[in-house]
Amino acid sequence: MNPAELFRQESNAVQLAPGDFLFREGEKGDKMYVLLEGEVDIFLGDFVLETAGPGSLLGEMALIDDSPRAANPVAKILPPGANRPAPLSFLVQQTPHFATHVMKTLADRLRHMNAVTAVR
């Protein structure tokens, strides 16, 4: 599943320039985002945890457990209109496989983080 395909026709894009933050660690999260094009580096402090590409979900953790944002996504290479806010509950209701996709994304990130921190 590529979540970007669900949002290609939406008109409420967030436009970022390289170096712009999508959101900041510690902020309250009220939406998640789908990256349509370009790349976003996900920072924890000064460390890049991963580089997200098209179809990536950003900010989903804060919606699932109502916790503050856990990292800082910073635009790396983004054309205008590359991010779309995504209403989590609506997507899960309308596209049940989306919930599985979110869980897979979280599991992949956790495994990646475990591998990265084991090396440090």
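The coordinates are above.
Here goes a summary of the coordinates provided. (Residues numbered from 1 in each chain as written. Predicted model: local features only at pLDDT ≥ 70, side-chain atom pairs only at ≥ 80, totals over all residues. Heavy atoms only, no water.)

### Digging into the overall build of the chain
Phase 1: Helix and strand counts for the chain stand at 4 helices and 6 strands.
Phase 2: For the chain, the succession of helices and strands along the chain, N to C, is α-β-β-β-β-α-β-β-α-α.
Phase 3: Out of the 120 residues belonging to the chain, those deemed buried represent 40%.
Phase 4: In the chain, the proportion of contacts linking residues at least 24 apart, taken out of those at least 6 apart, comes to 79%.
Phase 5: Surface accessibility of the chain: about 6,800 Å² in total, with carbon and sulfur atoms responsible for 55%. (Helix = DSSP H or I, 4+ residues; strand = E, 2+ residues; numbered from the N terminus. Buried < 20%, exposed > 50% of the residue type's maximum accessible area, 1.4 Å probe, protein only. Contact = heavy atoms within 4.5 Å. Areas by Shrake-Rupley, 256 points an atom, 1.4 Å probe, with all protein chains shown as cover.)

### Some words on the sheet that holds strand 2 (residues 39–44)
Phase 1: Sheet architecture is open: 3 strands sit in the order 3-2-5, paired in antiparallel fashion. Only two strands of the sheet have a single partner each, and these edge strands are strand 3 (47–52) and strand 5 (72–77). Between one strand axis and the next, the sheet turns through 30° on average, direction left out of account.
Phase 2: Where strand 2 lies against strand 5, 5 bridges are found, and the strand directions are antiparallel. (Pairing = 2+ DSSP bridges. Axes fitted to C-alpha atoms, helices over the stretch in contact; angles between N-to-C directions.)

### Focus: the packing of aromatic side chains
Phase 1: Within this structure, the stated rule accounts for 1 aromatic pair.
Phase 2: Looking at arginine 24, its charged tip hangs above the ring of phenylalanine 21, at a distance of 3.6 Å from the centre.
Phase 3: A cation over an aromatic ring shows up here: arginine 69 above the ring of phenylalanine 23, its NZ or CZ 4.0 Å from the ring centre. (Phe/Tyr/Trp six-rings, centres within 6.5 Å; stacked < 30°, edge-to-face > 60°. Lys NZ or Arg CZ within 6 Å of the ring centre and 35° of its normal.)

### Overview of the pattern of salt bridges
Phase 1: Going through the model one piece at a time under the given rule, you end up with 5 salt bridges.
Phase 2: The shortest N-O distance in the salt bridge between lysine 28 and aspartate 66 comes to 2.5 Å. One end of the pair, lysine 28, is in the loop between helix 1 (4–7) and strand 1 (32–35); the other, aspartate 66, is in the loop between helix 2 (60–65) and strand 5, and 38 residues separate them in sequence. The residues lysine 28 and aspartate 66 share a single accessibility class, namely exposed.
Phase 3: The salt bridge partner of lysine 76 is aspartate 41, with a shortest N-O separation of 3.9 Å. (Salt bridge = Lys/Arg side-chain N within 4 Å of Asp/Glu carboxyl O.)

### What to know about the nonpolar core
The nonpolar side chains of a soluble globular protein tend to be buried with one another.
Phase 1: Leu16, Leu22, Phe23, Tyr33, Leu35, Val40, Ile42, Leu49, Ala52, Leu58, Ala71 and Ala75 form the largest nonpolar core, which has 12 residues in total.
Phase 2: Listed by contribution, the elements that provide at least two residues to this core are strand 1, strand 2 and strand 3.
Phase 3: With residues up to four places along the chain from it excluded, the contact list for alanine 52 reads Leu35, Gly38, Glu39, Val40 and Leu58.
Phase 4: Among the nonpolar cores identified, the runner-up in size contains 9 residues, and Ala4, Val34, Leu36 and Val102 belong to it. (Core = buried A, V, L, I, M, F, W, Y, C linked by side-chain atoms within 4.5 Å.)

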